[in-house]
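# Coordinate inspection notes
Below, each chain spelled out in residue letters.
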Amino acid sequence: MAFLIGRDGPVVDRRFEIEKDATAIGRRSENEVVIDDASVSGRHAVILREGARYRLRDLDSTNGTLVNGVPIRETLLTPRDVVGLGDVHVEFNDPAWVVIPSGAEAASPPTVGIKLAAPRIPPSFQPASPFGERRDFSNFWTAMILLAALLTVGAAVALVVLFIRGG
C-alpha cells in the first residue's frame, strides 16, 4: 500500500497510508491527510489511485504544490517523489511499485541501467544566480568612450587656444 512520510514541519517522520481511491490532503480535519500548517490550504491537493498508479492533483491551493521542486497542477507520482505542500514536504512511497519485464526481456538480465529523465523546469522557474541578475553594460561603456573622446577633443582645443595666445 502506498504511503506518504513527512520530511519536515509538523508532519516530520509521520506516516500517512493512502487507502482510498481519492486521498485528500490539507489543513482541514475532514481530509485523510491533515497537515496543521498555515502554508497548507484547507483542501490543498488530492492523490487519486488509478489502478496501480497514483496521480497528484493540486486543488487550486494558495501556495501551490510542487513535485521534486517543480510546480505542478497534476502529475503521476513515482516512489521517492518529494511533494511540497506550501512549506511542508512529504515523500511518496509505494512498495508495490515494480517494473516486471515481459517476453524476451525476462529471459536475459538487463545490460543497461535505468536512466531517469531530468524534470523539465519552465524558464520562469530556473534557479537564480547567486551573484544576482546579469546586467547589460554596453550603454555604459559607449557613454564612457564618448566622454573620453569629448575630453580629448576639449583638451586639444584648449592647447591650440593656449598656443595661439601665447605665441
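What comes next concerns the included structure.

### Section: the overall build of the chain
Secondary structure assignment for the chain yields two helices and 11 strands. The secondary structure elements of the chain, listed N-terminal to C-terminal, are β-β-β-β-β-β-β-β-β-β-β-α-α. Split into buried and exposed, the 167 residues of the chain put 26% on the buried side. Sequence separation of 24 or more characterises 34% of the internal contacts of the chain that already satisfy a separation of 6 or more. When the accessible surface of the chain is totalled, it reaches about 12,100 Å², and 60% of it is carbon and sulfur.

### A closer look at the pairing of strand β10 (residues 82–85)
Sheet analysis places strand β7 (residues 65–67) next to β10, joined by three bridges and oriented antiparallel. Paired with Thr65 across the bridge in β10 is Leu85. Bridge count between β10 and strand β11 (residues 88–93): four bridges; the pairing is antiparallel. Note on β11: the bridge partner recorded for Leu85 is Val88. Hairpin geometry of β10 and β11 is characterised by an intervening segment of two residues between the two adjacent antiparallel strands and by a positive phi of about 65° at Gly86.

Reading guide: rules and limits
- Residues numbered from 1 in each chain as written.
- Predicted model: local features only at pLDDT ≥ 70, side-chain atom pairs only at ≥ 80, totals over all residues.
- Heavy atoms only, no water.
- Helix = DSSP H or I, 4+ residues; strand = E, 2+ residues; numbered from the N terminus.
- Buried < 20%, exposed > 50% of the residue type's maximum accessible area, 1.4 Å probe, protein only.
- Contact = heavy atoms within 4.5 Å.
- Areas by Shrake-Rupley, 256 points an atom, 1.4 Å probe, with all protein chains shown as cover.
- Pairing = 2+ DSSP bridges.

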